[in-house]
Amino acid sequence: MPDLSHHARQLRAVADAIETLSDSTNDPLASHPDTLEIINSRYTSRGQINYAVPDALQLQRRIRRCHADHGIQHGDIVALALDAFLRARGYPPDLTPSAAGA
């Protein structure tokens, strides 16, 4: 019998991609309702992330400008952007009740 594990992995990847698309709107960068609920919760615990990013992208300046224009907190801008990117790539968060409320 042939080994079909490779095909099973491919089917799982397709199923995950379809699930990710079905959970969002047509805009892959639209904020997911679960993400907005977490960000807007006053009891959400927060953690620090530190990554070196290219200076040429001027991310810090752009984040400050977005904050000034829209009033969205700096950390929320980063969280929304990273969440949208990772969801679009097929990496949604595992929002178990303890993870969502923590």
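A brief report on the enclosed structure follows. (Residues numbered from 1 in each chain as written. Predicted model: local features only at pLDDT ≥ 70, side-chain atom pairs only at ≥ 80, totals over all residues. Heavy atoms only, no water.)

Section: the pattern of salt bridges
- Applying the stated criterion to the full structure yields two salt bridges.
- Residue Asp-76 is joined to Arg-46 by a salt bridge in which the shortest nitrogen-to-oxygen separation is 2.8 Å. Pair noted here: Asp-76 is in helix 4 (residues 74-88) and Arg-46 is in the loop between helix 2 (33-40) and helix 3 (59-70), with a separation of 30 residues, a long-range link.
- On the accessibility criterion, Asp-76 (12% relative accessible area) is buried.
- Judged by its relative accessible area of 56%, Arg-46 is exposed.
- The salt bridge involving Arg-87 is made with Asp-83; its shortest N-O contact spans 2.8 Å. With Arg-87 and Asp-83 both in helix 4, this residue pair falls four residues apart, about one helical turn. Of the two residues, Arg-87 and Asp-83, neither departs from the other in class, the shared state being buried. (Salt bridge = Lys/Arg side-chain N within 4 Å of Asp/Glu carboxyl O. Helix = DSSP H or I, 4+ residues; strand = E, 2+ residues; numbered from the N terminus. Buried < 20%, exposed > 50% of the residue type's maximum accessible area, 1.4 Å probe, protein only.)

A word on the side chain of Arg-87
- According to the relative accessible area criterion, Arg-87 is buried, its value standing at 11%.
- Here Asp-83 takes part through its side chain, which lies 2.8 Å from a polar atom of the side chain of Arg-87. (Polar contact = N/O pair within 3.5 Å; in protein donor to acceptor, adjacent residues only side chain to side chain.)

A closer look at unusual backbone geometry
- At Gln-58, a position not held by glycine, the phi torsion is positive, near 50°.
- Checked against the element boundaries, Gln-58 lands in the loop between helix 2 and helix 3.

Observations regarding the environment of Asp-27
- By the element assignment, Asp-27 lies in the loop between helix 1 (5-22) and helix 2.
- C-alpha of Asp-27 to C-alpha of Ala-88: the two residues are 61 residues apart in sequence and 9.4 Å apart in space.

Focus on helix 4
- The end-to-end C-alpha distance of helix 4, which contains 15 residues, comes to 21 Å, matching closely the 21 Å that a straight helix rising 1.5 Å per residue would cover.
- Every buried residue of helix 4 is accounted for by Asp-76, Ile-77, Leu-80, Asp-83, Ala-84 and Arg-87. Take helix 4 and look down its axis: the buried residues cluster within an arc of 140°, on one side only.
- Positioned one or two residues after helix 4, Gly-90 has a phi angle of 95°, which is positive. (Expected span 1.5 Å × (residues − 1). Arc of directions from axis to C-beta.)

Some words on a positive patch on the surface
- A cluster of basic side chains, namely Arg-61, Arg-62, Arg-64 and Arg-65, defines a positive patch on the protein surface.
- Along the chain, Arg-65 turns up in helix 3. (Patch = residues over 30% accessible without salt bridge, like charges linked within 9 Å, V, L, I, M, F, W, Y side chains within 5 Å. Areas by Shrake-Rupley, 256 points an atom, 1.4 Å probe, with all protein chains shown as cover. Lys, Arg positive; Asp, Glu negative; His and termini not counted. Charge placed at Lys NZ, Arg CZ, Asp CG, Glu CD.)

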